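Chain by chain, the residues:
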Amino acid sequence: MNQHNLPTASLFDEETQRRAYAIAANQECLASTGDFYAQSPFSRPSRPQDLPQFVSQAMSEGGDLPPSLALFGHRLLFTGYEQELVFLPQKTTSQMKSYRSFYDSEARAAAAVIRPALEKKLFGWMDREIELSGKWTLDAFREYSEGVLEDLEKSDSTFLRLLHELNDKKSAVQFFIVQCASDFLCEASAMARNVLGNYGPELSELFKILIDEYGYGVHEKKHSTLFEELMRDAELNPMPHYYWQFYNTGSLSLANYFQFISGDHNQFFRYLGALYFTEASLAFITRHQSAAIKLAFGRDANTLYFDEHTHIDTHHGRMAFENLIVPIVEKCGTGVLGEIVKGFEEFRTLLDRADEEMLAQIAWLDKADKADNAPVGTRSDETMVFTEDEGELSVTHCHDLDEWFEVEKGAIDLVCSPFKRVRLEAGEGMVLPKGMLHGSIVVSDKCTYRVAPVA
Ligand SMILES: [Fe+2]
Ligand SMILES: [Fe+2]
Ligand SMILES: [Fe+2]
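Please read all numbers here as calculations on a predicted model, not as lab measurements.

A. Local environment of the pairing of strand E1 (residues 384–389). In terms of residue burial, E1 counts as a barely covered element, since only zero of its six residues are buried. Sheet topology note: the E1/strand E8 (residues 446–453) ladder contains six bridges and is antiparallel. Bridging across to E8, Thr387 finds its partner in Thr448.

B. Spotlight on the sheet that holds strand E7 (residues 438–442). The four strands lie next to each other as E2-E7-E4-E5, forming an open sheet whose pairing is antiparallel. What marks the edges here is a single partner per strand, and that holds for strand E2 (393–397) and strand E5 (420–425). This sheet shows a mean twist of 20° between the axes of neighbouring strands, independent of strand direction. As paired elements, strand E4 (residues 411–417) and E5 share six bridges and run antiparallel to each other. Looking at the pairing, Asp413 lines up with Arg423 of E5.

C. Focus on helix H14 (residues 268–297). The largest bend along H14 measures about 45° and falls at Leu282. In terms of burial, H14 is a largely internal element, 21 of the 30 residues being buried. A positive phi of about 95° marks Gly298, the residue just after H14.

D. Representation of the nonpolar core. Counting 111 residues, the largest nonpolar core has Ala24, Leu272, Tyr276 and Ile325 as its most contacted members. It is H14 that contributes the most residues to this core, 14 residues altogether. Once residues within four sequence positions are removed from consideration, Ile325 is found in contact with Leu272, Tyr276, Ala320 and Ile340.

E. Structural detail: the pairing of E4. For E4, a buried count of five out of seven residues is recorded, marking the element as mostly surrounded by other parts of the structure. In this antiparallel pair of consecutive strands, E4 and E5, the connection spans two residues.

F. Geometry of the domain arrangement of the protein chain. Examined at the domain level, the protein chain breaks down into domain 1 (14–126), domain 2 (131–367) and domain 3 (380–453). Each of domain 2 and domain 3 was reduced to a C-alpha centroid, and the two centroids are 35 Å apart. Taken together, the contact between domain 2 and domain 3 spans eleven residues of the former and eleven residues of the latter. Looking at the side of domain 2 that touches domain 3, the elements that each hand over two or more residues are helix H9 (169–184) and helix H16 (337–367). At four residues, H9 tops the list of elements feeding residues into the side of domain 2 that touches domain 3. Here the residues of the side of domain 2 that touches domain 3 sort into six nonpolar, five polar and no charged.

G. Up close: the environment of Gln17. In this fold, Gln17 is placed in helix H1 (residues 14–25). On the basis of neighbour counts, which here come to 21 C-beta atoms within 10 Å, the residue Gln17 falls in the buried class. Those residues in contact with Gln17 that lie beyond four places of it in its chain are Phe12, Met59, Val113, Ile114 and Ala117.

H. How the structure looks around unusual backbone geometry. For Glu235, which is not glycine, the phi torsion reads 60° and is therefore positive. Take Glu235: there are 11 C-beta atoms within 10 Å of it, and that puts it in the exposed class. Unlike most non-glycine residues, His241 shows phi in positive territory, near 65°. Tracing the chain through its elements places His241 in the loop between helix H12 (223–233) and helix H13 (249–263).

Parameters at a glance
- Residues numbered from 1 in each chain as written.
- Chains lettered and ligands numbered in written order.
- Predicted model: local features only at pLDDT ≥ 70, side-chain atom pairs only at ≥ 80, totals over all residues.
- Buried ≥ 20, exposed ≤ 12 C-beta atoms within 10 Å, placed from the backbone.
- Helix = DSSP H or I, 4+ residues; strand = E, 2+ residues; numbered from the N terminus.
- Pairing = 2+ DSSP bridges.
- Axes fitted to C-alpha atoms, helices over the stretch in contact; angles between N-to-C directions.
- Bend = angle between axes of the 7 residues up to and from the residue.
- Core = buried A, V, L, I, M, F, W, Y, C linked by C-beta atoms within 7 Å.
- Contact = placed C-beta atoms within 7 Å.
- Domains from an automatic or database assignment.
- Nonpolar A, V, L, I, M, F, W, Y, C, P; charged D, E, K, R; others polar.

And the structure:
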């Protein structure tokens, strides 16, 4: 009992958490629709069957989640955040129903109950891996951050280097654009959470950055609109999250991180550091990204989205430091600098990890092909056999070990990206490396296939 004699209860006890997880994972929007592409923003297929395994690991202390469960966790977290953004139904009754269900109050409440634990589980590794020593002063942080950004400006792009070596440059760049879509189609939505309230003139400085991102109310100039245009010109569908099933864990983690530190205002100082890094670094990174688009689609390709950021983010980086960080540290004290540096370093690390994952996936997609024989080290004694009917679709996922996938009867398409399908018929197989996103769909009356881990 507390001082008012009310019974005490916690939303974070195990039983409540389990119930909230079950409600969040059983939402209509997470179910498979039998299609690899989302036909509305309210569709987020996420393999709810992974929930029991996820919950048992998510609720255990310490340790990072394996790739398969980290993907599930980020999909769940992303969906919860986006239930706080506005998407509207198209004029069909079926979309009206899924619109209502997407914003269902119990589902949103469940997302809020699991959110703090989920954020801790998915981002807690950064507390262990990113070390920040010493007492920071504004001058020391200025010198340090300028050094990091200068190095970044001078470094060349690993993506561009890889692209030169690939056979299918167009699919690789389209895949890169799809990864960006997870964040850019709703660009700056997380930022908007930080201009509510009242913390003085710095709020208005952030608002200036926000309205740039929103094109000063001119829809054609809104950054997400420029990105939609870029998608159309790259022969992609710009509907929000049409490619949901093809977002990598890393791509989801970037958008989720900004939602996390923007939604929980105890993390506001981390937000300032992450904002500064992202705005200042985009001024350089986007130059390489424009070059990649031109390499795949020709010199006249539409790169306005990236070019606009090369220009405006030079200002946004400076504004984030001079007009936000400096006066806020003067107002709140140098004690908050540690958290600002933390946000700067965390987003930088997350971006590196997401890039690494995307480049590994792109390199694999370029050469992934079927084979006649299982690789050496295939643990046939652990083979699992499945028989599925025509049209049965396995929502995209990834495995925690390399896996040998072999068809015994019938035929199946392994769908490794929107641009890469490999059809396997009886006697044919393929290695699915650890962490590589893929789904499948049966394309004969019935298909029997076997999977075994590769040591
Ligand atoms: Fe932007
Ligand atoms: Fe910006
Ligand atoms: Fe699989």
